[in-house]
Amino acid sequence: AVPLLLLLSIVGQVQRIDRTVGEFTWQPSPGQSAYSLDLGTADVAFTNWDTAPAPADRITAEIGAGQLNLTVPRNWDLLLNTDFGAARVVVDGKEMPSVSQNGTDRVLIPATTPTADGTLRMDVSVRLGEVHVTTGAPAIGAPTTKEEAA
């Protein structure tokens, strides 16, 4: 009984050591992407995308305590499905309220172009911290107007 108890305590210690702490850059690709961070800062870079988001594209980001930074292409809408403890969403320097819909808190951040070429859906969980969204990054995917195509 004692060796089993000792083994269980060692396994428990290993699990506690396996934590992600620090500064990271996450580069999701179209499709399904999931990321997790216990403590720190994560920047999301859409450098692996070459098309506008499709309905099946979804990113999941979980942060225990810290900050998530998103720089969104100007031709994308961003829909955040949020699960926040003591966290908030700040878009271009302004705090954004969430809207509860069917038991889920949501924040919709519209494209900065006249029309969006797609909507990126993100499931975001932050226990303590902030989600910073900067809009107006270079367009990814099809141009939204004839002027941008020229």
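Bear in mind the structure is a predicted one, so any value in this text is a computation, not a measurement. Residue positions are given per chain, counting from 1 as you read along its sequence in written order. It should be noted that, the model being predicted, local features are given only for residues of pLDDT at least 70 and side-chain atom pairs only at 80 or more, the latter also being counted only at that level, while totals for whole chains, interfaces and linings use all residues. Excluding hydrogens and water, the side-chain figures rest on all heavy atoms present in the structure.

A.B. asks: Would you take a moment to explain the overall build of the chain for this structure?
C.D. replies: Helix and strand definitions here come from DSSP, where helices need a minimum of 4 consecutive H or I residues and strands a minimum of 2 consecutive E residues; each element is numbered from the N-terminal end. Scanning the chain for helices and strands turns up two helices and eight strands. When the helices and strands of the chain are read in sequence order from the N terminus, they spell out α-β-β-β-β-β-β-β-β-α. Each residue's exposure class comes from its accessible area (1.4 Å probe, protein chains only) as a fraction of the maximum for that residue type: buried when under 20%, exposed when over 50%, partly exposed otherwise. Counting every position in the chain, which comprises 150 residues, the buried fraction comes to 35%. All accessible areas in this document rest on Shrake-Rupley with a 1.4 Å probe, and a residue is counted as covered only by the protein chains that are shown. Of the roughly 8,600 Å² that the chain leaves accessible, carbon and sulfur atoms contribute 55%.

A.B. asks: Mind showing me how you'd approach the nonpolar core here?
C.D. replies: Buried together is how nonpolar side chains tend to be arranged in soluble globular proteins. Only buried residues count toward a nonpolar core. Its members are Ala, Val, Leu, Ile, Met, Phe, Trp, Tyr and Cys residues joined through side-chain atoms within 4.5 Å. Counting 29 residues, the largest nonpolar core has Leu68, Leu70, Leu80 and Met122 as the members making the most contacts within it. Going through the elements one at a time, strand S2 (32-44), strand S3 (58-73), strand S4 (76-91), strand S7 (104-109) and strand S8 (118-137) are the ones with two or more residues in this core.

A.B. asks: Looking at this structure, how should I read the pattern of salt bridges?
C.D. replies: Any two side chains of opposite charge can pair, on the condition that their charged atoms come close. Whenever Lys or Arg places a side-chain nitrogen within 4 Å of a carboxyl oxygen from Asp or Glu, that contact is recorded as a salt bridge. Counting across every chain of the model gives four salt bridges. Salt bridges sharing common partners tie together Arg88, Glu95 and Glu130.

A.B. asks: Any chance you could explain the side chain of Glu130 here in plain terms?
C.D. replies: As for its placement among the helices and strands, Glu130 is situated in strand S8. The definition of a polar contact used here is a pair of N or O atoms within 3.5 Å, where within protein one atom must be able to donate a hydrogen and the other to accept one, and adjacent residues in sequence count solely through side-chain atom pairs. Of the polar contacts made by the side chain of Glu130, one reaches the side chain of Arg88; its length is 2.4 Å. Among all residues touching Glu130, those that are not within four sequence positions of it are Gly66, Gln67, Leu68, Arg88 and Val90. In this description, contact between two residues means that some pair of their heavy atoms is separated by no more than 4.5 Å.

A.B. asks: Where do I start with the side chain of Ser125 in this structure?
C.D. replies: Mapped onto the fold, Ser125 is located in strand S8. Among the polar contacts made by the side chain of Ser125, one reaches the main-chain carbonyl oxygen of Asp83 at a distance of 3.5 Å. Not counting residues within four places of it along the chain, the set of residues in contact with Ser125 comprises Ala61, Glu62, Ile63 and Asp83.

A.B. asks: Help me understand unusual backbone geometry, please; the structure alone is not making it clear to me.
C.D. replies: Negative phi characterises most residues that are not glycine, and trans characterises most peptide bonds. Its identity as a non-glycine residue notwithstanding, Asp92 has a phi of 45 degrees, on the positive side. Checked against the element boundaries, Asp92 lands in the loop between S4 and strand S5 (94-96). Judged by relative accessible area, which is 44%, Asp92 ranks as partly exposed.

Honestly, it's all geometry; don't read function into it.
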